[in-house]
Amino acid sequence: MEFINHIPRTKSEKLFKRAKKLFPGGVNSPVRAFKSVSGAPLFIKKGNGSRIWDEDGNVFIDFCGSWGPLILGHNNEEIQKAVIKAVRNGTSFGTPTKYGVEIGELIASNHRYIEKMRFVSSGTEAVMSAIRLARGFTGKDKIIKFEGCYHGHVDSLMVKAGSGLVTFGTSSSAGVTRSVAGDTIVVSLNDLHGLTTLLESHHQEIACLIIEPVPANNGLLWQDQNFLAWLRKLCDQYGVLLIFDEVISGFRVGFEGAAGYYSVAPDLITFGKIIGGGMPVGAYGGRADIMSMVAPDGPVYQAGTLSGNPVTLAAGIAALKQLLVPGFYESLNEKTAYLVSALNRIFLAKNVDMEAIHLGSIFWLKFSRGRIFTADQISSTSSQKFKIIHHELLQRGIYLGPSSYEVGFVSNSHTRQDLDVFIHAIDEIVNDFQSHFQ
Ligand SMILES: *Cc1c(COP(=O)(O)O)cnc(C)c1O
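This one's a predicted model, so the numbers in the text were calculated from it and none came from an experiment.

Novice: Can you walk me through the overall build of the protein in this structure?
Specialist: Scanning the protein from N- to C-terminus turns up 13 helices and 16 strands. Relative to a compact globule of 438 residues, whose C-alpha radius of gyration would be 22 Å, the protein shows 22 Å and is just as compact. Its C-alpha atoms give the protein principal-axis dimensions of roughly 60 × 55 × 45 Å. In the protein, 72% of the contacts between residues at least 6 apart in sequence involve partners at least 24 apart. Per element, the accessible surface of the protein, about 19,000 Å² overall, is 52% carbon and sulfur. In the protein, 42 positive and 40 negative side-chain charges are present, and the distance between their average locations comes to 6 Å.

Put into structure tokens, the structure is as follows:
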């Protein structure tokens, strides 16, 4: 279908042309390229609170939030102050700093499942390190992941289910060797029976099981509490470590993330996104006895020139302190619930096959009704339908991540009015394109 553009994109288009000569697809991370929606990606110049401005001067209410880190909105005053204060003293020393102790204590004293931790520079790096640690600690080689969960671009996790009963993975990216993919076993979310059978027969080879406890990278596929609690039990029974990848859910669904939300104790947790207050970051942590296997205390090597960067940690401290203010998460969740229920009233009234869902301040627009648990239950026409929504929202000054598989985020800087603008826009779009969504 032909889209009518009301917003100027001339400058973004020109920049994109130059960028395409320099970067694969013109971008430094693939989903930024707007490939699954239409037009050139918007080149964003600045952000403040709930808003972002592009190079052409268009302003948008942003529900992408840099893909999750910005739970406090753009250009949060406390974070900005902390970063400027830190940067006045220099950007990196390659030594321990007071910031490290401060953020470590802040986390350890407010998160019941983190006794020790290590900071790294991205979520991917955190996951990669946690997997190595699990292998080092257990002395076993194979790992289990769930189809539909994303864990960054770690070789051993760029793996999808192959065929056969026990699905030793096949790589989902060129450049991942068969032997690496073969050490990863891929199972279905919400499938206790399959997993139990697998562990019964293969537990002697399996070091760990990694899961996004709130799967939020293929839409929002939250699982039941008893599924996660059962994973804990199975892992204990079979001497397998349980890793929660909370890069997206950590500090998002509560200060203690999904582990706290569901009261399920993982052995290790990986973080990223929010923990760095918008600066490049990752971290992993958990049980002290396991973390003590990491160098220089133990034999599992892991290092980083810019790890625990003082500017990043200053931003992280400033962010986390604001999250600890009583009532922070309650008000954020309430706002998101308001948004989602208003959208669902529209979908019902217009009788379209759409539903908004949320867990905490993570929300997702889906093009089917009813609970789904696995990625293969996502309607195959979602991308086409989302393209309309995405484009029409842009025309109305609302920015969502450019893919139907991406969730949206509400930040504490979104006002009730911001949400009402979103709700009104969806109402118009569903009205104008009703037949496309039925
Ligand atoms: C974003 C994300 C990652 C990867 O983090 P990067 O900082 O992009 O490397 C890993 N796991 C989950 C669950 C994520 O959402």
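Novice: Sorry if this is basic, but what is going on with the domain arrangement of the protein here?
Specialist: Much of the literature gives interface size as the accessible area that the parts lose upon coming together. Per the domain assignment, the segments of the protein are domain 1 (10-74 + 327-437) and domain 2 (77-323). Relative placement of domain 1 and domain 2: their C-alpha centres are 26 Å apart. Taken residue by residue, the interface counts 24 residues in domain 1 and 28 residues in domain 2. Counting each side, the surface lost to burial between domain 1 and domain 2 is near 2,500 Å², with a carbon and sulfur contribution of 66%. Taken as a group, Tyr329, Leu359 and Phe373 account for 28% of the area that domain 1 buries against domain 2, more than any other trio of residues on that side. The interface formed by domain 1 and domain 2 includes one salt bridge. Note that arginine 371 and aspartate 224 form a salt bridge whose closest N and O atoms lie 3.0 Å from each other. The interface formed by domain 1 and domain 2 holds eight residue pairs in polar contact (both at pLDDT 80 or more) in total. Those elements that place two or more of their residues in the side of domain 1 that touches domain 2 are helix 11 (328-349), strand 13 (355-359) and strand 14 (362-366). No other element matches strand 13, which puts three residues into the side of domain 1 that touches domain 2.

Novice: Would you explain the sheet that holds strand 5 (residues 142-146) in this entry?
Specialist: Strand pairing within a sheet occurs via backbone hydrogen bonds; the two strands may be parallel or antiparallel. Across the sheet, which stays open at both edges, the seven strands sit in the order 4-12-11-10-9-5-8 with mixed pairing between neighbours. In this open sheet, the two strands that pair with only one neighbour each are strand 4 (116-120) and strand 8 (184-187). Mean inter-strand twist for the sheet, computed between neighbouring axes without regard to direction, equals 20°. One ladder, built from five bridges, connects strand 11 (residues 268-272) with strand 12 (residues 282-286); its direction is antiparallel. By the bridge assignment for strand 12, phenylalanine 271 is matched with alanine 283.

Novice: I tried to follow empty space enclosed by the protein on my own but got confused; where do I start?
Specialist: Gaps between atoms show up when a probe of the same size as a water molecule is rolled over them. Under the criterion given, the structure shown has three cavities of 30 Å³ or more. In this structure, the largest cavity occupies an estimated 70 Å³ of space. If you go around the largest cavity, the residues you meet are Phe363, Trp364, Leu365, Phe386, Leu400, Gly401, Ser403, Ser404, Glu406, Val407 and Gly408. In terms of residues, the lining of the largest cavity owes the most to one element, strand 14, which gives three residues. When grouped by side-chain class, the residues that make up the lining of the largest cavity number six nonpolar, four polar and one charged.

Thresholds applied
- Residues numbered from 1 in each chain as written.
- Predicted model: local features only at pLDDT ≥ 70, side-chain atom pairs only at ≥ 80, totals over all residues.
- Heavy atoms only, no water.
- Helix = DSSP H or I, 4+ residues; strand = E, 2+ residues; numbered from the N terminus.
- Rg over C-alpha atoms; globule rule 2.2 N^0.38 Å.
- Contact = heavy atoms within 4.5 Å.
- Areas by Shrake-Rupley, 256 points an atom, 1.4 Å probe, with all protein chains shown as cover.
- Lys, Arg positive; Asp, Glu negative; His and termini not counted.
- Charge placed at Lys NZ, Arg CZ, Asp CG, Glu CD.
- Domains from an automatic or database assignment.
- Buried area = accessible area lost by both parts, 1.4 Å probe.
- Salt bridge = Lys/Arg side-chain N within 4 Å of Asp/Glu carboxyl O.
- Polar contact = N/O pair within 3.5 Å; in protein donor to acceptor, adjacent residues only side chain to side chain.
- Pairing = 2+ DSSP bridges.
- Axes fitted to C-alpha atoms, helices over the stretch in contact; angles between N-to-C directions.
- 1 Å grid on protein atoms, 1.4 Å probe; cavity = no way out; pocket = protein on both sides within 12 Å on 5 of 7 lines; lining within 4 Å.
- Points joined across faces, edges and corners; volume = space filled by probe spheres on them.
- Nonpolar A, V, L, I, M, F, W, Y, C, P; charged D, E, K, R; others polar.

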